[in-house]
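As a plain string of letters, each chain reads:
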Amino acid sequence: AQSVAQPEDQVNVAEGNPLTVKCTYSVSGNPYLFWYVQYPNRGLQFLLKYITGDNLVKGSYGFEAEFNKSQTSFHLKKPSALVSDSALYFCAVRDNGGYQKVTFGTGTKLQVIP
Amino acid sequence: GAGVSQSPSNKVTEKGKDVELRCDPISGHTALYWYRQRLGQGLEFLIYFQGNSAPDKSGLPSDRFSAERTGESVSTLTIQRTQQEDSAVYLCASSPMGLGAETQYFGPGTRLLVL
């Protein structure tokens, strides 16, 4: 069975500082990994994904994530946080085989403090 | 093009009533997912449809919950004899086959309140 862990319910960071939102995963085969963002009162939006290739993936709004196979992690990062980045962030994983079921983490609330 | 749409956007019902939630996926998307999101919590997988294959119903919390999908189009999620703990936002997502199959496209959700 596949699973995702987001160990932090909430992350607080000052505006302008770098941010990291942690994610670790477990999957039987090779993973496809995703980050989604949910702004208040809005639906989930795709942010970025790792499928294959370069371990550092760049996505929307200046976010990036690094795939680390040995640590089974896919932490989300941004060099300089904006107040508008405050939202709920979900990490997700699926096996890269034919079965497309995706498993989501419980979410991490990011609060960027002005 | 049009995204995933869900209806109704909000539904208030009385305990014990049945409700039906609808999802229109993006045209051509073969995979369709239902999730539940309780207030302040993460996504809870409910059911997954992939083309004509048997759906994965492993996430349905009880036999009061059921879902149908006609071919590769509309899906309905039915909750019978609703309970207060069913109150949540029900999210639908779809994804294509082949290139881009990895990414899910979410609808705006149906906010269900059971009184």
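Check the entry above for the structure.
What you see is a predicted model, and the numbers here were worked out from it, not measured in a lab.

**Q** When you look at the pattern of salt bridges in this model, what are you seeing that I'm missing?
**A** Pairing is possible between side chains of opposite charge, provided their charged atoms come close. As enumerated under the stated definition, the model contains five salt bridges over all chains in all. Measuring nitrogen to oxygen at the nearest pair gives 2.9 Å for the salt bridge that ties K58 of chain A to E64 of chain A. One salt bridge connects R22 of chain B with D24 of chain B, and the closest N-O pair in it is separated by 2.7 Å. Judged by relative accessible area, R22 of chain B falls into the partly exposed class, the value being 36%.

**Q** Is there a simple way to explain the interface of chain B and chain A in this structure?
**A** For an interface, size is often stated in terms of accessible area lost upon the parts coming together. Counting residues at the interface gives 24 residues for chain B, matched by 20 residues for chain A. A combined buried area of about 1,600 Å² lies between chain B and chain A, and 52% of that area is made up of carbon and sulfur atoms. Three residues stand out in chain B for area buried against chain A, namely L43, E102 and F106 of chain B, and they jointly supply 34% of the buried area on that side. There are zero salt bridges connecting chain B and chain A. In this assembly, chain B and chain A are joined by three residue pairs in polar contact (both at pLDDT 80 or more). Elements with a minimum of two residues in the side of chain B that touches chain A: strand 4 (31-37), strand 5 (43-50) and strand 8 (88-95) of chain B. Residue composition of the side of chain B that touches chain A, grouped by class: 11 nonpolar, 10 polar and three charged.

**Q** It is not clear to me how unusual backbone geometry should be interpreted in this structure. Could you clarify?
**A** The phi angle of most residues is negative, glycine excepted, and most peptide bonds adopt the trans form. A cis geometry characterises the amide bond from S7 of chain B onward to P8 of chain B, with omega recorded as -10°. For T72 of chain A, which is not a glycine, the phi torsion comes out positive at approximately 45°. Assignment of secondary structure puts T72 of chain A in the loop between strand 8 (64-68) and strand 9 (73-78). Phi angles above zero are rare outside glycine, and R81 of chain B is one such case at about 50°. For R81 of chain B, the position within the fold is in the loop between strand 7 (75-79) and strand 8.

**Q** Looking at this structure, I do not really get the side chain of D86 of chain B. What am I missing?
**A** Residues and elements named next belong to chain B. Position of D86 among the secondary structure elements: in the loop between strand 7 and strand 8. D86 gets classed as buried once you look at its relative accessible area, which sits at 1%. Dropping the residues within four chain positions of it, D86 is found in contact with R36, R64, F65, I79, L112 and V114.

**Q** Just to check I follow, could you spell out the sheet that holds strand 1 (residues 5-7) of chain B for this structure?
**A** As a general point, the strands of a sheet are linked pairwise by backbone hydrogen bonds and lie either parallel or antiparallel. Residues and elements named next belong to chain B. Judged by pairing direction, the sheet is antiparallel, and its four strands sit side by side in the order 1-3-7-6 without closing on themselves. The sheet is open, and its two borders are formed by strand 1 and strand 6 (65-69), each paired with just one other strand. Along the sheet, successive strands turn relative to each other by an average axial angle of 15°, direction set aside. In terms of strand pairing, strand 1 meets strand 3 (residues 19-24) through three bridges, oriented antiparallel.

**Q** Explain the state of the cysteines to me, please; I cannot follow it from the model alone.
**A** Covalently bonding the sulfur atom of one cysteine to the sulfur atom of another cysteine gives a disulfide. Residues and elements named next belong to chain A. Scanning the entire structure with this criterion turns up two disulfides over all chains. C23 shares a disulfide with C91; S-S distance 2.0 Å. Its S-S torsion of approximately -65° makes the covalent link between C23 and C91 left-handed. Of this pair, C23 sits in the loop between strand 3 (19-21) and strand 4 (24-26) while C91 is found in strand 10 (residues 87-95), placing the two residues 68 residues apart along the sequence. Residue class for C23 comes out buried when judged on its relative accessible area of 0%.

Here is what the cut-offs are and how they apply
- Residues numbered from 1 in each chain as written.
- Chains lettered and ligands numbered in written order.
- Predicted model: local features only at pLDDT ≥ 70, side-chain atom pairs only at ≥ 80, totals over all residues.
- Heavy atoms only, no water.
- Salt bridge = Lys/Arg side-chain N within 4 Å of Asp/Glu carboxyl O.
- Buried < 20%, exposed > 50% of the residue type's maximum accessible area, 1.4 Å probe, protein only.
- Contact = heavy atoms within 4.5 Å.
- Buried area = accessible area lost by both parts, 1.4 Å probe.
- Polar contact = N/O pair within 3.5 Å; in protein donor to acceptor, adjacent residues only side chain to side chain.
- Helix = DSSP H or I, 4+ residues; strand = E, 2+ residues; numbered from the N terminus.
- Nonpolar A, V, L, I, M, F, W, Y, C, P; charged D, E, K, R; others polar.
- Pairing = 2+ DSSP bridges.
- Axes fitted to C-alpha atoms, helices over the stretch in contact; angles between N-to-C directions.
- Disulfide = S-S within 2.5 Å.

Any functional reading would require information that these geometric values do not contain.
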